[in-house]
Amino acid sequence: MKQQFESILNMKKKYLFGPVASRRLGISLGIDLVPFKTCSLNCVYCESGATTMLDTERREFVPVDAVISQLDEFLKASPRVDYLTFSGAGEPTLNSGIGKVVDFVKDKYPDYKLCLLTNATLFNDPQVLQEIKRVDLCIPSLDASNAEEFARINRPAQQVDFNKFIDGLTGYCHHTDSEVWLELFIVPGINDSDASIRRFVDIIKSAAPDKVQLNTLDRPGAVDWIKPSTAENTMRFVRALEPFAPVEAVGPFKYKCLALRRKITLGELDHQIIELIGRRPSTVEDMVEAFGLKADTIKERLDALVAAGKINSERSRRGDFYSLPG
Ligand code: SF4
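Reference entry: report on the structure contained in this document. Note that the coordinates shown come from a computational prediction; the quantities given were computed from them, not determined experimentally.

About the cut-offs
- Residues numbered from 1 in each chain as written.
- Predicted model: local features only at pLDDT ≥ 70, side-chain atom pairs only at ≥ 80, totals over all residues.
- Helix = DSSP H or I, 4+ residues; strand = E, 2+ residues; numbered from the N terminus.
- Buried ≥ 20, exposed ≤ 12 C-beta atoms within 10 Å, placed from the backbone.
- Contact = placed C-beta atoms within 7 Å.
- Core = buried A, V, L, I, M, F, W, Y, C linked by C-beta atoms within 7 Å.
- Near = placed C-beta within 6 Å.
- Nonpolar A, V, L, I, M, F, W, Y, C, P; charged D, E, K, R; others polar.
- Pairing = 2+ DSSP bridges.
- Right-handed = clockwise from strand over helix to strand, strands pointing away.
- Axes fitted to C-alpha atoms, helices over the stretch in contact; angles between N-to-C directions.
- Parallel < 35°, antiparallel > 145°, perpendicular 65-115°, else oblique.
- Expected span 1.5 Å × (residues − 1).
- Arc of directions from axis to C-beta.

### What about the overall build of the protein?
Next up, step 1: Within the protein, the regular secondary structure consists of 11 helices and 13 strands.
Next up, step 2: With the principal axes as the frame, the protein shows a C-alpha extent of 70 × 55 × 40 Å.
Next up, step 3: In the protein, buried positions account for 32% of the 326 residues.
Next up, step 4: Across the protein, every contact between residues at least 6 apart in sequence was considered, and the portion connecting residues at least 24 apart equals 71%.

### A look at the nonpolar core
Next up, step 1: Counting residues in each nonpolar core, the largest one holds 62 residues, and the members touching the most others are I31, C115, L116, L169, L182, L184 and V212.
Next up, step 2: Here C115 is in contact with L25, Y83, T85, V135, D136, L137 and I139, once residues within four sequence places are set aside.
Next up, step 3: Grouped together as the second largest cluster of nonpolar side chains are 7 residues, I277, M287, I298 and Y322 included.

### Here's the deal with the site of the ligand
Next up, step 1: Around the ligand sit C39, L41, N42, C43, C46, S48, T51, G90, E91 and N119, and that is every residue in its neighbourhood.
Next up, step 2: Taken together, the residues of the shell around the ligand sort by class into 4 nonpolar, 5 polar and 1 charged.

### A short note on the environment of D32
Next up, step 1: Along the chain, D32 falls in strand 2 (residues 26-32).
Next up, step 2: Separated by 261 residues in sequence, D32 and L293 have C-alpha atoms that sit 33 Å apart.

### Side note on the pairing of strand 9 (residues 211-215)
Next up, step 1: When you tally the buried positions in strand 9, you get 4 out of 5 residues, the bulk of the element.
Next up, step 2: As paired strands, strand 8 (residues 179-185) and strand 9 are joined by 5 bridges and run parallel to one another. Its bridge partner lying in strand 9, L184 is registered against L214.
Next up, step 3: For the crossover from strand 8 across helix 7 (residues 194-207) to strand 9, the handedness is right-handed.
Next up, step 4: The sheet contact formed by strand 9 and strand 10 (residues 247-250) spans 3 bridges and is parallel. Bridge pairing in strand 10 links L214 to A249.

### Observations concerning the packing of helix 9 (residues 266-279) against helix 11 (residues 295-307)
Next up, step 1: Two elements in contact, helix 9 and helix 11, have axes whose closest approach is 10 Å; the angle formed by their N-to-C orientations is 75°. In terms of axis orientation, helix 9 runs roughly perpendicular to helix 11. For the pair helix 9 and helix 11, the contacting residues are L266, L269, D270 and I273 in the first and R301, L302 and L305 in the second.
Next up, step 2: Here the residues of the contact of helix 9 with helix 11 are counted per class, giving 5 nonpolar, no polar and 2 charged.

### Overview of the packing of helix 6 (residues 162-175) against helix 7
Next up, step 1: It is at 8 Å that the axes of helix 6 and helix 7 come closest, and there the two elements cross at 35°. On the side of helix 6, the interface is formed by I166, L169, T170 and C173, while helix 7 contributes I203, S206 and A207.

### Quick word on the pairing of strand 6 (residues 114-118)
Next up, step 1: Where burial is concerned, most of strand 6 is hidden: 5 out of the 5 residues are buried.
Next up, step 2: Side-chain alternation along strand 6 places L114, L116 and T118 on one buried face and C115 and L117 on a second face that is also buried.
Next up, step 3: In this sheet, strand 6 lies alongside strand 5 (residues 83-87) in parallel orientation, the contact comprising 3 bridges. Paired with L84 across the bridge in strand 6 is L114.

### Thoughts on unusual backbone geometry
Next up, step 1: That bond from G18 to P19 is cis: its omega, 5°, falls within 30 degrees of zero.
Next up, step 2: On the secondary structure map, P19 appears in strand 1 (residues 16-22).
Next up, step 3: Residue F36 is joined to K37 through a cis peptide bond whose omega torsion reads -20°.
Next up, step 4: Of note, K37 is situated in the loop between strand 2 and strand 3 (38-39).
Next up, step 5: One non-glycine residue with positive phi stands out, namely R155, at about 40°.

### So, the sheet that holds strand 7 (residues 137-140)
Next up, step 1: Pairing is mixed across the open sheet formed by 9 strands, whose spatial order is 1-2-5-6-7-8-9-10-11. Since the sheet does not close on itself, it has two edges, and those belong to strand 1 and strand 11 (254-256), each with one partner. On average, each strand axis in the sheet is inclined to that of its neighbour by 25°, with strand direction left out of account.
Next up, step 2: Sheet topology note: the strand 1/strand 2 ladder contains 5 bridges and is antiparallel. Following the sheet pairing, A21 is matched in strand 2 by I27.

### Details of helix 2 (residues 64-75)
Next up, step 1: For helix 2, built from 12 residues, the straight-helix expectation of 16 Å at 1.5 Å per residue is met to within 8% by its first-to-last C-alpha distance of 16 Å.
Next up, step 2: Restricting attention to buried positions, one finds in helix 2 the residues V64, V67, L71 and F74. Buried residues along helix 2 cover an arc of 85° about the axis, so they all sit on one side. In helix 2, the exposed positions angled more than 90 degrees off the buried face are occupied by D65, A66 and E73.
Next up, step 3: In this fold, the buried residues of helix 2 make contact with strand 1, strand 2 and helix 3 (98-108).

Written out as structure tokens, the structure reads:
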């Protein structure tokens, strides 16, 4: 009976997964538009393993009417979701019906935000760009600074040409109204030489995305020789790219440039701290969570506010709690 119930549930949500809590996107419902593992690339770091269907030909890989009806069923209950995300084990833009799904959500449930995780290899196809025009957030990958790195890291289908891929990606960044976070996966020994970083700088300068996210191996990839980038190595990318785009490291080593941390002045931060602890005594960890800032930055302000007699600090078994005097 339990099995029967689970299989009905699975059928109902066959093309959707989650919602899951995602560090980058908040609560995200995944939409899977291609069967496992259909992709125009076969990246060495792919968490889904090796690509079994390596192709660039677009087709209605899964029936979009069924996807739409599952989405409709899910969304009509008005669930709390931050993003509906085209993701899954493969490249979503390979489904020729993606535009229909985008339009359905934007026409019928305009309050929900759409995110597209993509390898951007089809971005030189105007039809694809037209279909994804209405997504709110696009996260394309850029892991190679030249054709050789592209071949070694992304192992593309033979129809994918590196220069055309870069043209498609930069052209998209220039013309889209969607927010763009470019994701760059660092593969030590392949795309992290000084020359590679210089080439990445040129591409990113030209594309001018809203943000660059640096990632590296966190979980096993499709091959076993790939190693994670060290914090020091990742910081070489940060230093080179930050003059041209806000940079964040999202792998095992975390970094967020000042421009991406909440843009608040010290006075505003003091005000927010006082407002928060006026509601309930809080620890530094509570404030890291609430403000999205580094613990050091918050601790510095707390020490200054305590020294000025504006707030109190009290040690308890659960740590230091800050509260308003009296
Ligand atoms: S583009 Fe994405 S899904 Fe395709 S092989 Fe690379 S990491 Fe995996």
